[in-house]
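# Structure at a glance
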Amino acid sequence: MKTTAGGPFAPLREQLTEAAGAFADAPGGLSGILAGMVDDVDRALREKLEIFPVCHHSPASALAMARRLREKQPKVIYLEMCEDLTPLLGELRNCRLPVALQAFATDLDGFPSGWGPLSVIAPITESSAEYQAIAYALDTPGVELIAVDRSADHVFQWLPRPEERDAPAEAPVDAPEEAGLHGDAVGVEIGDLRPRFAELEEHLLRHGKVRHWSEWWDQYVEQPLSGADYDTYRQVMVLIGSLFRRLAPGDGERRVSDEDRERYMWTRMREHLAATGADPAGCLYVCGAFHAASHVEQFGLEAAGPGFDIAPRTATRWLYGMIPSSHSAIEAQFGLAGGSVSIAAATWEKALRRGGVKPYKLAKPTGKADPGGAARPLPAAVAPRPVTDRLSGFLSSAPALDALDESELLGWCVDIVRLARRNGYQASTADAIAVFETSVLLAGLRGRARPTPYDFQDAAVTCIEKDVVPGRRDVRRLCEILLGGDRIGQVGYAAMPPLARDVFDRLEPLGLDLSKRTIQRALLDFTADPHLLPCSHLLWMLRYLLRDDTVRPIMGERRLGERPIQESWDLALGRQQRSIIELGYEGVTVEQVVEQRLRRTVHDPSATAAVALAAVEDSILYLGARRFTDELGERAVHLLAAERTVDDAPEVLRRIRRLLAHYRATGAELPAWCEAFVTAGYAHYCTLLPTAFVDEETGVRQVAAMLGFLFSMESLALALGCDRNQLELAVRQSHPEAPAKVALAWAAQAQLGLLSRAELRARCAELLDNPLVIPGFPQYMSGFVQALDPAPGLTPFVVELLSDAFAKLPDRVLLPWLPLLIATLRRQAPEMLPVLVREAGRTFPGNVATLDTWTPPWSRTAPAAPPVVAAGPVGDLLVRHPEACDAVAALLGCEGGWVTGDRPGQGLAARHPATAEAVAALLAG
C-alpha cells in the first residue's frame, strides 16, 4: 500500500511520528504502525465508494447510520452479509427483533459427512447499523440493497477440513436458557470489531480500569462517538479498525479468511457497478471497521490488483429461514460479556430520547399498497464533502462527559432492590442507598464523571449479594434484566416455513395462544371432544421428532393397541420456535418429516434389526401407512439375515412379540414381512445358537432371548414351513461351559423332550451335593430363572430347586451364598423375578399355621395308577404282547406294571348293573 506524504492528515502523521521517536524504545516499529494507521484512514476516506465502518450491535454506529442515511439518501447499499440471505430480509417485517437469519443444510454434497447439519446465522437487533440500513432500503422505493459477503456455502468451503471438525464451544453451564437459541450454528460476524491481539486487549482493560472488552468499548468508544458528527465517527472507527488490524497476528487461518472475504466483497461490488452502471457517489458500503482498513490489493473500485476467482458453490442444498434470537444468544455466540447487548439496547433507546434522532424501522405489513410510494423520486446524490482532519481534535481533547444523572441512578437503585427482594434476597432501603453511594464512589475511582451501568452492576453485587444466591439468578443477572432485559425475538407467523404454519393451524382447536412464550397446559378429553384426536396425533408426532420440552406429555402415553381417553400436555411452541422452524427445513408437513426420518434410520449403515423393528412400531403409531410400514418391515428382515451377532436379541424378541400381538389383536391379516421375519429369525438363531452358547462375548440374556424367540415362535415357524429338527440339532450341538449357559442348555433340552424332568432333577441334585459347585450355584440359578421366558413350564421346577437349596445347604454355606444369589438374580434376570415370586406364592402355604404340616408337592409319593386296558381285541392284543407297551413306557419315563386278574371295567359293570340296564332300555325304546 502506498503511503501518502501530504493530504489533510499530514500534520497528524508527523505528530505521531515525532511522539513515537520521543517515547518508544524502538521508534521505527511504532512510528510505522502509527503512520500506517493514519494512511489507512486517508485511504478509506479517499475511496470513491463511501465506506461506512460499523461495529456489530453498537448504538453509536446505529445513530451515525440513521443520521447519514437521512443526509445522503443513497440509492445502493452494499452490506457485509452472506449474499444468499438477501431474500430473507423482507420477512423482518413480520418479526419481533432480535431474530437471526439462518441458512441450514442437512443433505451434504461436497462437505465431510461428519460436519452435518450445517447452520449459519446472522443475528439482527434494533440497535445495529445493519438494521437501520435494511429498514431504509426496504421502505424507500428505488433503493437497492445488495449483500456482498461470501455465501453460507463458502463459509464452510473456507473452513479447514480435518477428518472431523471440532464441535463449536457450548454456552457456559450457568448461562441462561436463551443463550442456546442459536444452537451450534456458525455465527457470521457482521461488523465485528474486537482486538485479536491478547496483550493489547489486556493492556486496554488494565489501563482503562475495566473488567472486560465490552465495558472498555462502551466507556471509550460508544459514549464519545454517540454525539459525534459523521466525519469524526467515520475517521475514528477506521482508525480503531486499523489499529486492531495492524496489531493482530499476521498469519493464521482467521487472517487469511478475513482477507479473502474482503476480496470477495470488493469483487461483488465491482461486478454490480459494472452490470448496472450505478454512480458510486450514490452508493454506500457498510462493513466492519476491521474491513474498512483493508490492505488487500483488490481494495477500492480502481484497484490495480488481479481479480479474485470466486469458486462455485457445492451441490449442497441450502434452506433459509429465520429463528428467534436473544441478547444472551448473541453474547454467547460472539463471546461478548453477559449483559453487554442488553446494555447496548438500553443505551440506544436513551440516546434516541435524548438526541432526537429519528431511526428507521420496518413498517408492519398492512395489506394496502402505498399509492404514491412507487412514484416518489429519490433526491439527488449528495456531493462528497472535502476530507478534513477530525482525528487530531478528537485525540487531543477529552470527550465531554455527562454529569451525574441522580434521578436515573436512584431509579436503578430502587428497582434493583425491589427485584432482588422478589428473587429471595434480604434487601432493604439501606441497600439501595449503599448501591447509590458505591456506584458514585466506583465511578470516581475509575475516573468517570457519572456511573456507567457496569459501575452500577459492581456496586449492586458488592452491597446486595452477600454469601449465597438464594434463587436461580444472581445480582449481576438481575442488573442485566433491570437495565435492558434479555430481550427475546419472535418470528412472525407469515415468516415461518410451511410446516410451522401448518402446525399452528392444526392446533387451533386447542383454543390456546401458541405464540406466547409461556408454557401452556392443554387438557384433551376425547370422550367429550372427539375432534381433538387429530391434535393429539400431531402432538405425539412433534414429541417424537423434537425430543425436547417443546411439547411434553403430562398425562397419557402412546402405545400399540391403546386408545386414549384423556391427555394433558405442556406446550412451549412460542418459546421453542427454533425447533419448529428448523423442523420445517426437513419437509412440508410433519408426516413427511416422520417418514423421512424413519427411512433414514433403517437405511443407516449402523442400523440393526432391532432399530428397524422400532421404526416399524413408530410407523404404526404415528403414520398408519400400511405400505410404508411393510417397506420398513422388509428392511428389518434383510438386516436380521445380515447380522452376525446376537447382541440385540432381547430387543428383537420384545418388539416382534409386541408387533405380532398387535396384528393378531386388530384382526388384520399377518403381513408378509412378519412371516418372513419369523422364518428368517428361526433359521438365523438356530444357526447361531451353538456358537452363542460357547462364545464368551455373548451374554446369558442374549442366549435366553434366542431361545425365547425359537420356542415362542415355534408353532408359527413350523406352520410357515420351518423344520423342527433344525432346532433340535442346534440344541444337541450346544456344549456350554459357563454355569448360567449350562442351565439354559438343560432347560432347552427339557423343553424339547430331550431331557426328562427326573434326569433334570438328578443333575441339579448333583450340583447341590458337590461342594466345589456350591459357590457358583447362583449362576446356575440365574440361567434357570432366565429360562422361564423360553420355557415357562419350568417355573415349578425352579421353585423346587431353590427350595431344595435352602433346605439342604447348611447355614455356614447358605449365609455367605445368599447375598450373591440375590445380587446375581437382580442383575441378570430382574424381569423374571416376579414370575418366580408368583409361582412361589401359589406353591407355599398362605399362613404360618399350616407351614408345619405342609408337604412340598415334589415330596409327595402318590400311588401309581395301574394302566387301564380297554376290553376288546385291542386290549387282548396288548395283554398277549406287552413288550411294545413296555418299550414305549420306558422311552417316556413311565413307571408301573400290568394289572393282573380281571380287567378294569368288567367287575364294575357286574357290581352296578342298573346303569347298563338303563342304557339298554333307552336304546330299546
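Residues numbered from 1 in each chain as written. Predicted model: local features only at pLDDT ≥ 70, side-chain atom pairs only at ≥ 80, totals over all residues. Heavy atoms only, no water.

## So, the overall build of the chain
A count of helices and strands for the chain gives 38 helices and 11 strands. Burial status across the chain gives 48% buried among its 925 residues. Counting only contacts in the chain whose residues sit at least 6 apart along the sequence, the fraction spanning at least 24 positions is 77%. (Helix = DSSP H or I, 4+ residues; strand = E, 2+ residues; numbered from the N terminus. Buried < 20%, exposed > 50% of the residue type's maximum accessible area, 1.4 Å probe, protein only. Contact = heavy atoms within 4.5 Å.)

## Re the sheet that holds strand S11 (residues 566-571)
Taken together, the 3 strands give an open sheet; going across it, the order is S9-S11-S10, and neighbouring strands pair in antiparallel fashion. The sheet is open, and its two edges are formed by strand S9 (520-525) and strand S10 (551-555), each paired on a single side. Averaged over all neighbouring strand pairs, the angle between strand axes comes to 25°, with direction disregarded. (Pairing = 2+ DSSP bridges. Axes fitted to C-alpha atoms, helices over the stretch in contact; angles between N-to-C directions.)

## A look at the packing of helix H3 (residues 59-72) against helix H8 (residues 230-247)
Contact pair H3 / H8: the axes reach a minimum separation of 10 Å and the direction vectors enclose 135°. By the angle between their directions, the pair H3 and H8 is classed as oblique. In terms of crossing hand, the pair formed by H3 and H8 is left-handed. For the pair H3 and H8, contact is made by Ala60, Ser61, Ala64 and Arg68 and by Tyr230, Tyr233 and Met237, respectively. (Parallel < 35°, antiparallel > 145°, perpendicular 65-115°, else oblique. Left-handed = near helix turned anticlockwise from the far one by under 90°.)

## Observations regarding the confidence of the model for the chain
Model confidence for the chain is summarised by a mean pLDDT of 80, while 85% of its residues fall at 70 or above. The low-confidence segment residues 163-175, where pLDDT is below 50, has 9 contacts with residues more than four positions distant or belonging to other chains. (pLDDT = per-residue confidence, 0-100.)

## Comments concerning the pattern of salt bridges
Summed over the entire model, instances satisfying the criterion amount to 37 salt bridges. Aspartate 502 is the salt-bridge partner of arginine 506, the closest N and O atoms lying 3.1 Å from each other. Placement of both arginine 506 and aspartate 502 in helix H18 (residues 498-506) is noted, with a separation of 4 residues, approximately one turn of the helix. The network of salt bridges with shared partners includes Glu617, Glu651, Arg654, Arg655 and Arg658. (Salt bridge = Lys/Arg side-chain N within 4 Å of Asp/Glu carboxyl O.)

## Here we look at the nonpolar core
A general trend in soluble globular proteins is that nonpolar side chains are found buried together. Of all hydrophobic cores here, the largest spans 223 residues; its most connected members are Tyr78, Leu101, Tyr285 and Phe677. Ranked by residue count, the leading element in this core is helix H25 (residues 672-694), at 11 residues. Beyond its immediate chain neighbours, meaning those up to four positions away, leucine 101 contacts Met81, Leu85, Leu88, Leu89, Leu92, Val120, Ile121, Ala122, Ile124, Gly321 and Met322. Ile343, Val417, Leu419 and Tyr425 belong to the second-largest nonpolar core, a separate cluster that totals 25 residues. (Core = buried A, V, L, I, M, F, W, Y, C linked by side-chain atoms within 4.5 Å.)

## Quick look at the side chain of histidine 272
Mapped onto the fold, histidine 272 is located in helix H9 (residues 253-276). Judged by its relative accessible area of 12%, histidine 272 falls in the buried class. Side chain to side chain, histidine 272 and glutamate 144 meet in a polar contact 3.2 Å long. (Polar contact = N/O pair within 3.5 Å; in protein donor to acceptor, adjacent residues only side chain to side chain.)

## Examining the packing of helix H31 (residues 777-786) against helix H33 (residues 811-828)
Contact geometry for H31 and H33: axes closest at 9 Å, N-to-C directions at 35°. Judged by the twist between their axes, the crossing of H31 over H33 is right-handed. Contacts between H31 and H33 pair Phe777, Pro778, Gln779, Met781, Ser782, Val785 and Gln786 from the former with Trp817, Leu820, Leu821, Thr824, Leu825, Arg827 and Gln828 from the latter. Classifying every residue of the contact of H31 with H33 gives 8 nonpolar, 5 polar and 1 charged. (Nonpolar A, V, L, I, M, F, W, Y, C, P; charged D, E, K, R; others polar.)

## Here we look at the pairing of S9
Here S9 shows one buried face, formed by Gln520, Ala522 and Leu524, and one open face, formed by Arg521, Leu523 and Asp525. Relative to S11, S9 is paired through 6 bridges, and the arrangement is antiparallel. Bridging across to S11, glutamine 520 finds its partner in leucine 571.

## Digging into a nonpolar patch on the surface
A surface patch of nonpolar side chains, amounting to about 360 Å² of accessible area, comprises Val888, Leu891 and Leu892. Locating leucine 892 in the fold gives a position in helix H36 (residues 883-892). Judged by relative accessible area, which is 63%, leucine 892 ranks as exposed. (Patch = residues over 30% accessible without salt bridge, like charges linked within 9 Å, V, L, I, M, F, W, Y side chains within 5 Å. Areas by Shrake-Rupley, 256 points an atom, 1.4 Å probe, with all protein chains shown as cover.)

## A few points about the packing of aromatic side chains
Note on aromatic pairs: each is described by the distance of the centres and the angle between the planes. Summed over all chains, the structure comprises 18 aromatic pairs. Measuring from centroid to centroid gives 6.1 Å for tryptophan 158 and tyrosine 264, while their planes differ by 75°, and the two rings are edge-to-face. One end of the pair, tryptophan 158, is in the loop between helix H5 (152-157) and strand S6 (186-187); the other, tyrosine 264, is in helix H9, with 106 residues separating them in the sequence. Given the relative accessible area of 25%, tryptophan 158 is considered partly exposed. (Phe/Tyr/Trp six-rings, centres within 6.5 Å; stacked < 30°, edge-to-face > 60°.)

## Examining the environment of leucine 85
Along the chain, leucine 85 falls in the loop between strand S2 (76-82) and strand S3 (99-105). For leucine 85, a relative accessible area of 1% translates into the label buried. Considering only alpha carbons, one finds leucine 85 and valine 120, 35 residues apart in sequence, at a separation of 10.0 Å. Once you skip the residues sitting within four places of it in the chain, leucine 85 turns out to touch Leu101, Gln102, Ala103, Ala122 and Tyr320.

## Concerning a negative patch on the surface
On the surface, a cluster of negative charge is made up of Asp695, Glu696, Glu697 and Glu737. Turning to its location among the elements, aspartate 695 is positioned in the loop between H25 and helix H26 (700-712). Aspartate 695 sits in the partly exposed class, given a relative accessible area of 30%. (Lys, Arg positive; Asp, Glu negative; His and termini not counted. Charge placed at Lys NZ, Arg CZ, Asp CG, Glu CD.)

## Let's talk about the sheet that holds strand S7 (residues 283-288)
Taken together, the 4 strands give an open sheet; going across it, the order is S1-S7-S2-S5, and neighbouring strands pair in parallel fashion. The sheet terminates laterally at strand S1 (50-54) and strand S5 (144-149), the two strands that pair on one side only. Here the strands of the sheet are splayed against their neighbours by 30° on average, with no regard to which way each runs. In the sheet, S1 pairs with S7 via 5 bridges, with the strands oriented parallel. For isoleucine 51, the partnering residue across the bridge sits in S7 and is tyrosine 285. Against the sheet, H9 contacts S1, S2, S5 and S7, and its axis sits at roughly 145° relative to S5.

## Overview of the side chain of histidine 662
By secondary structure assignment, the location of histidine 662 is in helix H24 (residues 649-665). Not counting residues up to four positions away in its chain, the partners in contact with histidine 662 are Leu560, Gly561 and Ile620.

## A few points about helix H4 (residues 129-139)
Burial analysis of H4 places 9 of its 11 residues in the buried class, the great majority of the element. Among the structural elements, S1, H3, S2, strand S4 (118-124), S5 and helix H12 (340-355) are those in contact with the buried residues of H4.

## Side note on the environment of leucine 760
If you trace the backbone, leucine 760 turns up in helix H30 (residues 757-769). According to the relative accessible area criterion, leucine 760 is buried, its value standing at 0%. When the C-alpha atoms of leucine 760 and alanine 750 are compared, they prove to be 7.5 Å apart, with 10 residues separating the residues in sequence. The contact partners of leucine 760, leaving out residues within four places of it in the chain, are Trp746, Ala750, Leu755, Phe784, Leu794 and Phe797.

## Some points on the pairing of S5
Counted residue by residue, S5 has 5 buried out of 6 residues, so it is predominantly covered. Sheet topology note: the S2/S5 ladder contains 5 bridges and is parallel. Across the sheet, the residue bridging to leucine 79 is alanine 147, located in S5.

## As for the state of the cysteines
Applying the stated criterion across every chain, the model contains 0 disulfides. Left without a disulfide partner, cysteine 463 is nearest to the cysteine sulfur of cysteine 413, which lies 8.8 Å away. (Disulfide = S-S within 2.5 Å.)

## Side note on unusual backbone geometry
Following leucine 97, the chain continues into proline 98 via a peptide bond in cis, with omega recorded as 5°. Within the secondary structure layout, proline 98 lies in the loop between S2 and S3. For glutamine 73, which is not a glycine, the phi torsion comes out positive at approximately 50°. Take glutamine 73: it is sitting in the loop between H3 and S2. According to the relative accessible area criterion, glutamine 73 is buried, its value standing at 18%.

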